[in-house]
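Letter by letter, the chains look like this.
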Amino acid sequence: MAMKYIDIGANLTDPMFQGCYGGTQKHEPDLHIVLERAWQQGLQKIIVTAGCLKDVDEALELAFKDERIYTTVGTHPTRCEEFVSDPEGYYDQLRSRIKANRTKVLAVGECGLDYDRLQFCGRETQRLYFEKQLELAAEFKLPLFLHMRNAAEDFMSILERNRDKIEECGGGVVHSFTGTLEEAQRILAFGGLYIGLNGCSLKTEENAEVVRKLPNDRIMLETDCPWCGIRPSHAGHKHVTTKFPTVKKKEKWTAESLIDGRCEPCQISQVLESIAGIKQEPKEELAALYYQNTLDLFFGTAESKE
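Residues numbered from 1 in each chain as written. Predicted model: local features only at pLDDT ≥ 70, side-chain atom pairs only at ≥ 80, totals over all residues. Heavy atoms only, no water.

A. Geometry of the sheet that holds strand S7 (residues 144–149). The sheet built from eight strands is open, its strands ordered S1-S4-S5-S6-S7-S8-S9-S10 with parallel pairing. The open sheet terminates on both sides in strands that have one partner only, identified here as strand S1 (5–10) and strand S10 (219–221). Each neighbouring strand pair of the sheet contributes to a mean axis angle of 30°, computed without reference to strand direction. (Pairing = 2+ DSSP bridges. Helix = DSSP H or I, 4+ residues; strand = E, 2+ residues; numbered from the N terminus. Axes fitted to C-alpha atoms, helices over the stretch in contact; angles between N-to-C directions.)

B. Up close: the packing of helix H6 (residues 152–161) against helix H8 (residues 181–190). Put simply, H6 and H8 touch, their axes get as near as 11 Å, and they point 5° apart. When the axes of H6 and H8 are compared, the pair comes out roughly parallel. In this structure, H6 uses Ala152, Glu153, Met156, Leu159 and Glu160 to contact H8, whose residues at the interface are Glu183, Arg186, Ile187 and Phe190. Of the residues in the contact of H6 with H8, the class split is five nonpolar, no polar and four charged. (Parallel < 35°, antiparallel > 145°, perpendicular 65-115°, else oblique. Contact = heavy atoms within 4.5 Å. Nonpolar A, V, L, I, M, F, W, Y, C, P; charged D, E, K, R; others polar.)

C. Quick look at the pairing of strand S5 (residues 69–73). Burial within S5 is extensive, with five of its five residues counted as buried. Burial along S5 is two-sided: Ile69, Thr71 and Val73 facing one way and Tyr70 and Thr72 facing the other are all buried. With three bridges joining them, S5 and strand S6 (residues 105–114) adopt parallel strand pairing. Looking across to S6, one finds that Thr72 is bridged to Ala107. (Buried < 20%, exposed > 50% of the residue type's maximum accessible area, 1.4 Å probe, protein only.)

D. Structural detail: the environment of Leu113. Within the secondary structure, Leu113 is located in strand S6. Classification of Leu113 by relative accessible area gives buried; the value is 0%. Between the C-alpha atoms of Leu113 and Leu286, which are 173 residues apart in sequence, the distance is 29 Å. Once residues within four sequence positions are removed from consideration, Leu113 is found in contact with Pro77, Gln126, Arg127, Phe130, His147, Met148, Arg149, Ala151, Asp154, Phe155 and Ile158.

E. Geometry of the UniProt feature "binding site: a divalent metal cation 1" (unreviewed entry) in the chain. If you check UniProt for "binding site: a divalent metal cation 1" (unreviewed entry), the listed places come out as Glu110 and Asp224 in our numbering. These residues run over 115 residues, yet every pair of their C-alpha atoms falls within 11.5 Å of each other. With respect to the element layout, Glu110 can be found in strand S6. Setting aside residues no more than four positions away along its own chain, Glu110 makes contact with Thr49, Ala50, Thr72, Gly74, Thr75, His76, Pro77, Phe145, His147 and His175. When residues no more than four places from it in sequence are discounted, the contact partners of Asp224 are Asp7, Gly9, Asn11, His175, Ser176 and Asn198. (UniProt positions renumbered as here; feature names shortened; annotations may be inferred.)

Encoded structure:
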C-alpha cells in the first residue's frame, strides 16, 4: 500500500516557486509542476505556512484553487514589526481572514519566538505579539503552528501563563524543531503539543539523537520548502533512499527536475526515510502514525467549520 503524507509546513508563496531568486527571474513559474510532483509522491494535503498578511492572502488564493491545500493565518516572530504601527488594526485583519475562510484556515501561525534573528524584530516586540496571537487561537479554537529558535525559556513561559488558551485551542505543533532533548521534553510535558520535523531537524548527530528519542505519537512531518532540504552533509542523509532528478543551476531548470537547494513538498518522503533510519523502525508504520497525528490535530473538526 502506498504511503500517504501531509506536509504541515510548506512555504508555497515563496517567490522561488515563481522562478524568482533574490529578486531575479531565473526560470518560468513552476508551482503547478511542483504540486503535481507532490501529489504523485503521495501527498494528500498541504498546509501552506503564512508568516504575514501578504502571505495569508496569497496562501488563501492558492488554497481555494485546490481542495487539498490549506493555510495558517498568523505573523512570524521576525515579521512582528508589522503589528507596531497599528496593533489593533493589524490584529483585526488577521482575525477577519480567519473568520471569512474557516474551511481553509487550519491553524494560527506561524507564530512564536526567534532570538537567532533579532535584527528583524526585537525580543520585546516578538513576545508581545506572540502572546497576542494566542487570543486568535483561543477565539477560533484553532491549533497553533509554532516557531521556536534559541528562545526556549521565554517561549515556554508564555505558553505556561496562557495554558487556558492553549487548552481551548486544542494545542499545536512546534515546527522545524532543532532544539535539545531537554527542550523537546519540556514541550511534550506541557501537553497537547506535537513536534514537526524536516531536513533542518536532521542536520547533526546531536539532532539525530534527539529525533531517535522523540515519541512517535508526537511527531509530524514537514518540508518547510523551499528551505530545509536534507543536504548530503546532514546526519540524516545516509538514510535517504528516494532520489529525484536534480539540476545544479536554476537556469538549467526543466519541468522534470528539482533544483539543487530548493526543497519541494515531494521531498517529504526523504524526511520520513531519514527518521525511520535514525529510529530503525519501518517507514510504512511511521508514515501511518505521523499521518494520523496530523489528522488528529488539524483535521479532526475540519468538516464542521462551515
